[in-house]
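A look at the structure
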Amino acid sequence: MNTAQMLPEEFLYGGDYNPEQWLDYPHILERDIELMRKAHINTVTLGVFSWAALEPEENVFTFDWLERMVDRLHAGGISTIMATPSGARPRWLAEKYPEVLRVREDRTRELFGARHNHCYTSGAYRDRVQMINSRLAQTFADHPAVLMWHVSNEYSGECHCPLCQEAFRGWLKDRYDGDIDALNHAWWTAFWSHTYTDFSQIESPSSRGDSALHGLNLDWKRFVTAQTADFLRHEIEALRAGGARQPTTINLMDDYTGLDYGRLAKEVDIVSWDSYPRWHRGADAETALETGLQHDLMRGLKEAPFLLMESCPASPNWHEVSKAKRPGMLACAGLQAVAHGSDSVQFFQIRQSRGSSEKLHGAVIDHYGGEDTRVFREAAQLGSVLGTLEPLAHSRVEAPAAVLWDMESRWAMEDAQGPRNARLHYHETLVKVYGGLRRSALNVDVIPASSPLGSYEIVAAPMLYMLHPGTAERLRDFVSRGGTLIMTYWSGVADETDLCFLGPAPHDLTDVLGLRREEIDALYDGEENRLVPAADGGLAGGKSYVCRNLCEIVRLNGAKPLLEYAEDFYQGRPALTVNRYGLGRAYYLCADAEASLHKDLAERIMRQRNLRPILADVPDGCEVTSRTDGSREYVFVQNYSCAPAAVPVPPDAELLSGAGNVLPAYGTLVFARPLAGKPGRE
Amino acid sequence: MNTAQMLPEEFLYGGDYNPEQWLDYPHILERDIELMRKAHINTVTLGVFSWAALEPEENVFTFDWLERMVDRLHAGGISTIMATPSGARPRWLAEKYPEVLRVREDRTRELFGARHNHCYTSGAYRDRVQMINSRLAQTFADHPAVLMWHVSNEYSGECHCPLCQEAFRGWLKDRYDGDIDALNHAWWTAFWSHTYTDFSQIESPSSRGDSALHGLNLDWKRFVTAQTADFLRHEIEALRAGGARQPTTINLMDDYTGLDYGRLAKEVDIVSWDSYPRWHRGADAETALETGLQHDLMRGLKEAPFLLMESCPASPNWHEVSKAKRPGMLACAGLQAVAHGSDSVQFFQIRQSRGSSEKLHGAVIDHYGGEDTRVFREAAQLGSVLGTLEPLAHSRVEAPAAVLWDMESRWAMEDAQGPRNARLHYHETLVKVYGGLRRSALNVDVIPASSPLGSYEIVAAPMLYMLHPGTAERLRDFVSRGGTLIMTYWSGVADETDLCFLGPAPHDLTDVLGLRREEIDALYDGEENRLVPAADGGLAGGKSYVCRNLCEIVRLNGAKPLLEYAEDFYQGRPALTVNRYGLGRAYYLCADAEASLHKDLAERIMRQRNLRPILADVPDGCEVTSRTDGSREYVFVQNYSCAPAAVPVPPDAELLSGAGNVLPAYGTLVFARPLAGKPGRE
Amino acid sequence: MNTAQMLPEEFLYGGDYNPEQWLDYPHILERDIELMRKAHINTVTLGVFSWAALEPEENVFTFDWLERMVDRLHAGGISTIMATPSGARPRWLAEKYPEVLRVREDRTRELFGARHNHCYTSGAYRDRVQMINSRLAQTFADHPAVLMWHVSNEYSGECHCPLCQEAFRGWLKDRYDGDIDALNHAWWTAFWSHTYTDFSQIESPSSRGDSALHGLNLDWKRFVTAQTADFLRHEIEALRAGGARQPTTINLMDDYTGLDYGRLAKEVDIVSWDSYPRWHRGADAETALETGLQHDLMRGLKEAPFLLMESCPASPNWHEVSKAKRPGMLACAGLQAVAHGSDSVQFFQIRQSRGSSEKLHGAVIDHYGGEDTRVFREAAQLGSVLGTLEPLAHSRVEAPAAVLWDMESRWAMEDAQGPRNARLHYHETLVKVYGGLRRSALNVDVIPASSPLGSYEIVAAPMLYMLHPGTAERLRDFVSRGGTLIMTYWSGVADETDLCFLGPAPHDLTDVLGLRREEIDALYDGEENRLVPAADGGLAGGKSYVCRNLCEIVRLNGAKPLLEYAEDFYQGRPALTVNRYGLGRAYYLCADAEASLHKDLAERIMRQRNLRPILADVPDGCEVTSRTDGSREYVFVQNYSCAPAAVPVPPDAELLSGAGNVLPAYGTLVFARPLAGKPGRE
């Protein structure tokens, strides 16, 4: 089932709406619907954090205001995404069942407060969630305006209470088949006399106890994800038990490292996420690149279109500096999501709250309350553009290249001490590798490292520190069948329990890469080395590249050096290599090089593979992407620079949005053209 | 009753003295009085932190050493300010009544230690304080040398113990008339399901619970002030019950944000404060400006002369860097207090302690112990100058301009998330606005925002985020009657419960200002914009000004633009405006502009209003102030630069201190002249 | 007894080895011995952190694997240093006896985890340590391959549990002869009403209670050292009770301030330490200077050769940045230890662990496991060089100069508030003073301030804030007998209870120095002053020197000024002085001057005293040191620059290692020559 089968034909446009804050202000509830219609809003999300208004006392349910709201919105042509309220519990729940409150890693139990501080293991919490979810489902299962279920809100965090400790021990017993010696070996507990003699001795990581036992840390993070997924399943089961048949989603966050989203995404029908980029902090083209990567990852989690569940029409209030969006930025940011595969543009929030912690968070309707504001005008205009783009809704993104992403590997790598405790820059490296491909005007999938690689031409596996069973085989097979692999330094170091492989490294891939790692050097912040053409080598003519942070020293065994180090004691040693293996090629980058190397490498590979860009000669600062419905290709060009840019629109293009060949700052051009074979293939 | 009625005719000169540390060193106690007399010291403060020496066991009182000390000082011509000892309790008190120890916001009770860690709610603590205070009062009520009561020491901090929680709930019940829904609305608890159903559910803010519920935070801070004021009243009542008739004071601190001093000041007869500027860190003229603002605020709290209760003759030991005062700085700093309305110069402390945490804090008599030290010589010299200035004691400061200051507004503004979590720079803005007026050689009052504005010519209300009921009306009335108002960005945002006003902003003042705020943009540290003359506008010729941090975008509705933005998407939009309203004018500054704008604006207004400076043509780096006794004006000129400065002493001036027309570095000139009408008025 | 009597004739070469991690990998244990032999390794340290493998359940001892390992190593020609396992306890011990777990200063008890978190007071812990130590001793007392006992590991930290509180009170009762008033005076508790009325009221310092009562803090630190020493004695007694006769050592750490090593060193036969310099972070010659100081301090603790117990052959994993050692650095660092008096070069560790927190710490044998690595090759080469240097083993270092070092003074000085809370730079000053002498090619002893000064020509006492009873007398006597003393600012301030001396300062030395301190000024980071030649003065011609941080203003009383301040209000006041006293001279440096002053001063003194350098004309970046066996002098020249250096090898030198007159980067030259009189004496 894909989004086209689950959602309306049009793009969803709207966002979070919290009428429970305004029940004493009927004229405002009235006026809001009027304003939403003017802004072409067709969907709102209700019920996030509404528990206290829905069940003010245990088993006293007051759904009437919510039912009325759904009906009145429906009457105004506006659909509802209905949230389960588990993101914040009412006070009576915490008072009566103190076990629902989280315990911190220092073993202090939290007081009632904030949000997201409930224990996912607590039976009492699960019971109350089951009750309210199933009641909500009973009420709205058949409502024609209720499109989908938004389960809880931004799942995150962890709990160290006795219930969770017990659940963790049970989870470990399962994982290690009840064999404590297997756990001891996996966690290498002989070090520092940490040997366990019984599962009952296990405690979650704590600053008061063990915080540097990497195997424990890694399994704890896995458990937290597993327990969260279990809670999510529990929520969905309650909805289904209540009769709900609509699709489910959870809203994920930007570069969140507390959970393995790849695991969570399996439990829901549609992935959605909350995007709050820091526009206008640095170069917007860089911000767009990072945001594009997140969009592509969200698409990659289920290899399907996703939803932009939250974004800010003006400025969020929790950034260090609340920068006003420049004219056009609102639409540009929303359309970027669409360009990367979103079937919606949704805001947090429609109406700005009067008080408490988010009172200064931007909204479509602000405290002033009028429609004569810049934000409202721009929001209404975007609503209108989305209407004209309706044919694109539910179309797919086809990408010839994939970047592998692995949260467990990242957890292990960043938890390890060494080789660079002053940051390894995994995320930045991911962005650079991704950017090399994306800025060569290719669509790129960002996918879990365990995904099949069948149809790709290029696969990049940056800093793949941990190799799960099967990964090396899958990469070998990919190259031998003719694919081009890009690997980097600090790959193939440890197995899935974070034990370092013994023998030559990168583990099990030295033949594919034609080399082995000998040493890894780390550079201080501010230090740099340079990569220069090797004899008979080079990447893009005689260009050289600065590198920083990490420099591997490798010994070649078949690979050909393209670049070599210019300085330090490893001057002259290979820094970028290529190895032919089977029908394909494997590139290995030894050092954390500047971004331009990645683009030059992508273009070299495109030439080797006769891969064409979506659009040629796109100016710097512009991003090109495409979606397809199988017969037509829809091309998006977006200008993230502050100056107008000349765009080479092809003569056969059918313009869907935007006009002319000059794209203003923060402008978006969308055109359609016939799909000529697989995208990205000559 | 004013200070002239409560205190001796002369300036008080002296400081804290702790003979209880030296009871085993009789020759030192002997020698100290001799040295004090040489330094012209006429007053010491005794008893601060002396509880353990006064009541070594419960109900065992050992006042004899203190009585002897007061008598011997008196015999030497030195009066006493007597402190109540509640600033630090003896160990037996904490051992017997553990409830007196504070509980932190994380709900951990403190151990005995440090000072200032007693619970203000504890009945046990109040009982013991009542006992010792009334005993002290009985002993010293009629002593001719005991001038006044110094209640406790630098009240500060808060306690989250169960007693305080209960008191907080009671205070809230009063405040909201027992109506929990009124509290829910005020705190906007529908957000995040935080609705209270009973006052018993309320907990003070905590990092373990709620820390971002702004209404709760704000009311907690108010409660802390109320509870501290209640404790202060309790202390004073005990003194009065013991027969004390002398005036009372509390010593306040520099820019302390933990309490609303405006509220506390009402409980005592005289305001005093402890001033420890970081002289010689940057430009001393800037430090003098900030210190002058604090002096003027202390005067403003009761609109009366105040006392400089503590200052350091050499270098305090708790600054990051203990900078020696340059020659002359000791007198210059002391005389600045006098120039701004102080009736004393007092030091912490007379005799440097031998051990423990303040052993390296500067003192009039240091470890060396001789009178042949630079500090002693300079202290003696200042004592002599204060003698010659005796006619000025108790004279008043008359100011044509006032700057409004509001601690509750600051609490709310700085607690809010957005628009600039990386600091709003409220304090710096206050200094700039104040500095614009002060450097135009006007006396300036710094007064609580709730004060009457009757007699002022100019009122500045910088960043008045919160408007209490009546404030907008008072400002409107002030302008309509002919006053000149200066308002800035980020004013009129929220009501007294920190709920944002709905509708046009600045709330209820858009007509007075002739504009409404549309947006507020925040700039990163390092970013800037410029304000340039608007068409037919300008402030001081064609000058332009850099601005940073915050830039409002306003829509004019009658106001005339003087300056406009030079950059970003709001280029050309108004940045400084003026609006005629009634008989007066209202200026509105949209952005956080550099300091020179404020001086240019002040001078423009002075020209418009025919206001004359206290002294014209004063060189940069010098500060001019004046006091008056109703018939004569006493003008102070102080040179805070490192180089001599030429001062235009008027021909009819009667020199009281200093000589000639060239003021040396850190020199002070004081002259008298006949008072020609209301100061600052042509 | 010296090391020659306690250890084999040769240098020890090897390091920590942890076979308990590899008991499931028999081929690796096999292969490791083979590789060790190839690397000329002759000693390993076993048993550090092996408790869980040695006593998996209470009173169940499994020593067989360890016995087999010792035997097999012995068969391979490799000796063992045997550790007691108390550095980390097994889980069953903490489960059964929770009192063994430490309590933090905030009174929270730690969970099991990490290492080093046992209470040194706990009777239960002491009982179990006694049992395992005596069992180990019984097993290995007579083993011919077991060379010595390595007691625990890197003793450190403190415990605030009730048992420790009680022990602390007992320790204080002893120290103050049961007289609480003596303690009150020593701690100056009259300040802030902190008077104790009974020893039972005493609590260790805590962030929840007292943290700034300097006397309490100081005595607590002394107690922690005393209690650790007591525990160490307890460990050794258990070994001796088990029959062990081999020497004992403890491994100390680099610039560790948690314990007074001078006190601990008394309890063991040989001092050893763990050296992990940050090579290649800045200039290596600076790193070498700091490391040399630590080596010299380790030698100074017992005035005898020491052992380099741990060092990293590659890169440690816990530095911020894991920098690979440049070619040659491994040998250079190891030989520096030898040059300064070490009788060993030992690594942590021989075989890199597969998992847990130190899996990426460098090792002689890494995860790859082959001998064809750069690290292994360099380690083997160093092993070979150490063989050729065997004649030097156990020879002594003779130094004409000493630098006084006092941990108690440092504790008090750094705990004090003022004069520069933004760091006093004690350690850096020590390095500069030491560097002035060392870079003038003198051997330097770094010795506890309480050491006899009999045989030295020069004694430097930098920042000797605290004067213990007898110190001033010893310094006076040293100078009067003809010695040259170098003192600096911030000396002679406080007595051993941290009470400031009353009267002229530096206390009891104003006659020796010919001056008294009047004031001390502190400079902000970035601020500086300059020292320029005084009239008829100067240090090295007309050179001037920058100074920072602290500047004392002194009044001369006999001393002659050499340099004076160039700026600020104390311009022209003396900044470096010299005073003749008895047969000697006392220099006093008033300000924290740049390093070159110290070298110029050292050379001036050498000229005055006709002291000759070990080797003249050594190029910058090279370090010269020497050892002697009484008849010959062994001179080491090491090149810490990145470029080759010309070394003036004397014609009569017998080269022991290295070749030619040009020393490559990171190269070491060792030559022997006849000893002509006392080293360093013309």
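Structure's up top.
Residues numbered from 1 in each chain as written. Chains lettered and ligands numbered in written order. Predicted model: local features only at pLDDT ≥ 70, side-chain atom pairs only at ≥ 80, totals over all residues. Heavy atoms only, no water.

Overview of the interface of chain B and chain C
- Each partner contributes residues to the interface: chain B has 51 residues there, and chain C has 50 residues.
- Buried surface at the junction of chain B and chain C, both sides included, amounts to about 4,600 Å², of which 53% is carbon and sulfur.
- Three residues stand out in chain B for area buried against chain C, namely Arg91, Leu111 and Arg354 of chain B, and they jointly supply 16% of the buried area on that side.
- In this structure, the salt-bridge partner of Asp495 of chain C is Arg354 of chain B, at a minimum N-O distance of 3.9 Å.
- The interface formed by chain B and chain C holds 31 residue pairs in polar contact (both at pLDDT 80 or more) in total.
- Secondary-structure elements contributing two or more residues to the side of chain B that touches chain C are α3 (51–54) and α5 (91–96) of chain B. (Contact = heavy atoms within 4.5 Å. Buried area = accessible area lost by both parts, 1.4 Å probe. Salt bridge = Lys/Arg side-chain N within 4 Å of Asp/Glu carboxyl O. Polar contact = N/O pair within 3.5 Å; in protein donor to acceptor, adjacent residues only side chain to side chain. Helix = DSSP H or I, 4+ residues; strand = E, 2+ residues; numbered from the N terminus.)

As for the sheet that holds strand β8 (residues 344–347) of chain A
Residues and elements named next belong to chain A.
- Across the sheet, eight strands lie side by side as β7-β6-β5-β4-β3-β2-β1-β8; this open sheet has parallel pairing. Two strands close off the open sheet at either side, each with one partner strand: β7 (307–311) and β8. If you compare each strand with its neighbour and ignore which way they point, the axes differ by 30° on average.
- Sheet strands in contact with helix α4 (residues 64–75) are β2 (43–46), β3 (79–83) and β4 (146–150), and its direction is about 175° off that of β2. (Pairing = 2+ DSSP bridges. Axes fitted to C-alpha atoms, helices over the stretch in contact; angles between N-to-C directions.)

Examining the sheet that holds strand β8 (residues 344–347) of chain B
Residues and elements named next belong to chain B.
- Strand order in this open sheet of eight strands is β7-β6-β5-β4-β3-β2-β1-β8, and the pairing throughout is parallel. Across the chains shown, the open sheet's two edge strands, defined by having one partner strand only, are β7 (307–311) and β8. On average, adjacent strands in this sheet sit at an angle of 30° to one another, irrespective of strand direction.
- Here strand β3 (residues 79–83) runs beside strand β4 (residues 146–150); their pairing, made up of four bridges, is parallel. By the bridge assignment for β4, Thr80 is matched with Val146.
- On top of the sheet, helix α6 (residues 123–140) reaches β3 and β4; it is set at about 170° to β4, its chief contact.

Brief notes about the nonpolar core
- Core analysis: the largest hydrophobic core is formed by 202 residues, its most contacted members being Trp187 and Leu531 of chain B.
- Top contributing element to this core by residue count: helix α9 (residues 214–241) of chain B, with ten residues.
- Beyond its immediate stretch of four places on either side in the chain, Trp187 of chain B contacts Ser356 of chain A together with Leu172, Tyr176, Tyr196, Ile202, Leu213, Gly215, Leu216 and Asp219 of chain B. (Core = buried A, V, L, I, M, F, W, Y, C linked by side-chain atoms within 4.5 Å. Buried < 20%, exposed > 50% of the residue type's maximum accessible area, 1.4 Å probe, protein only.)

Some words on the packing of helix α9 (residues 214–241) of chain C against helix α14 (residues 407–415) of chain C
Residue and element names in this part refer to chain C.
- Two numbers describe how α9 lies on α14: the axes approach to 10 Å, and their chain directions differ by 145°. Crossing angle aside, the handedness with which α9 passes α14 is right-handed. Residues His214, Asn217, Leu218, Lys221, Arg222 and Thr225 of α9 form the contact with α14, whose own contacting residues are Glu408, Trp411, Ala412 and Asp415.
- Partitioning the contact of α9 with α14 into residue classes produces three nonpolar, three polar and four charged. (Left-handed = near helix turned anticlockwise from the far one by under 90°. Nonpolar A, V, L, I, M, F, W, Y, C, P; charged D, E, K, R; others polar.)

Observations regarding the packing of aromatic side chains
- Evaluated as defined, the whole model comprises 71 aromatic pairs over all chains.
- Seen in terms of ring centroids, Phe168 of chain A and Trp171 of chain A are 6.5 Å apart; in terms of plane orientation they differ by 20°. Their pairing is stacked. On the criterion of helical spacing, the pair formed by Phe168 of chain A and Trp171 of chain A is a turn pair, its members being three residues apart in helix α7 (residues 162–175).
- Relative to Trp192 of chain A, the ring of Phe191 of chain A has its centre 4.6 Å away and its plane inclined at 25°; by these criteria the two rings are stacked. Trp192 of chain A matches Phe191 of chain A in its accessibility class, with the two residues each being buried.
- The structure contains a cluster of three or more aromatic residues connected by ring pairs, namely Trp51, Tyr120, Tyr125, Tyr155 and Phe231 of chain A.
- The side chain of Arg516 of chain B reaches across the aromatic face of Tyr368 of chain A, ending 3.7 Å from its centre.
- Taking the ring centre of Tyr120 of chain C as reference, the NZ or CZ of Arg102 of chain C above it sits at 5.3 Å. (Phe/Tyr/Trp six-rings, centres within 6.5 Å; stacked < 30°, edge-to-face > 60°. Lys NZ or Arg CZ within 6 Å of the ring centre and 35° of its normal.)

Remarks on the interface of chain A and chain B
- Opposite the 51 residues of chain A that make contact, chain B presents 50 residues.
- Each partner contributes to the roughly 4,600 Å² buried at the junction of chain A and chain B, and carbon and sulfur atoms together form 54% of this total.
- When the buried surface of chain A facing chain B is broken down by residue, Arg91, Leu111 and Arg354 of chain A rank first, second and third, together holding 17% of it.
- Linking chain A with chain B are seven salt bridges, by the criterion used here.
- For the salt bridge of Lys323 of chain A with Glu527 of chain B, the shortest nitrogen-to-oxygen distance reads 2.9 Å.
- Linking chain A with chain B are 31 residue pairs in polar contact (both at pLDDT 80 or more), by the criterion used here.
- Looking at the side of chain A that touches chain B, the elements that each hand over two or more residues are α3 (51–54) and α5 (91–96) of chain A.

Here we look at the environment of Val618 of chain A
All names here are of chain A.
- With respect to the helices and strands, Val618 occurs in the loop between α18 (595–609) and β20 (622–628).
- On the basis of relative accessibility, which here comes to 21%, the residue Val618 falls in the partly exposed class.
- Along the chain, Val618 and Ala441 lie 177 residues apart, while their C-alpha atoms are 8.1 Å from each other.

Details of the relation of the copies chain B and chain C
- Here chain B sits on chain C after a turn of 120° about the axis and a move of 0.0 Å along it, with an RMSD of 0.0 Å. What we have between these two chains is a three-fold relation. By C-alpha distance to the rotation axis, the residue of chain B lying nearest is Thr108 of chain B, at 6.3 Å. (Least-squares fit on C-alpha atoms with pLDDT ≥ 70 in both.)

Quick notes on the environment of Arg516 of chain A
- Mapped onto the elements, Arg516 of chain A comes out in strand β13 (residues 515–522).
- In sequence terms Arg516 of chain A and Asn421 of chain A are 95 residues apart; their C-alpha atoms lie 24 Å from each other.
- Side chain to side chain, Arg516 of chain A and Asp372 of chain C meet in a polar contact 3.4 Å long.

So, the pattern of salt bridges
All names here are of chain A.
- The final tally for this structure, using the stated rule, is 161 salt bridges over all chains.
- One salt bridge connects Arg222 with Glu408, and the closest N-O pair in it is separated by 2.8 Å. Of this pair, Arg222 sits in helix α9 (residues 214–241) while Glu408 sits in helix α14 (residues 407–415), and the two are 186 residues apart along the sequence.
- Members of the salt-bridge network, linked through shared partners, are Arg126, Asp230, Arg233, Arg263 and Glu267.

Considerations on helix α16 (residues 471–480) of chain C
Residues and elements named next belong to chain C.
- Looking at α16, one finds that the buried residues are Thr471, Ala472, Leu475, Arg476, Phe478 and Val479. All buried residues of α16 lie within an arc of 160° about the axis, which places them on one face of the element.
- Turning to α16, the residues buried within the fold contact β9 (401–405), β11 (458–461), β12 (484–488), α17 (510–513), β17 (574–581) and β18 (584–589).
- Gly482 lies just past α16 and shows a positive phi near 120°. (Arc of directions from axis to C-beta.)

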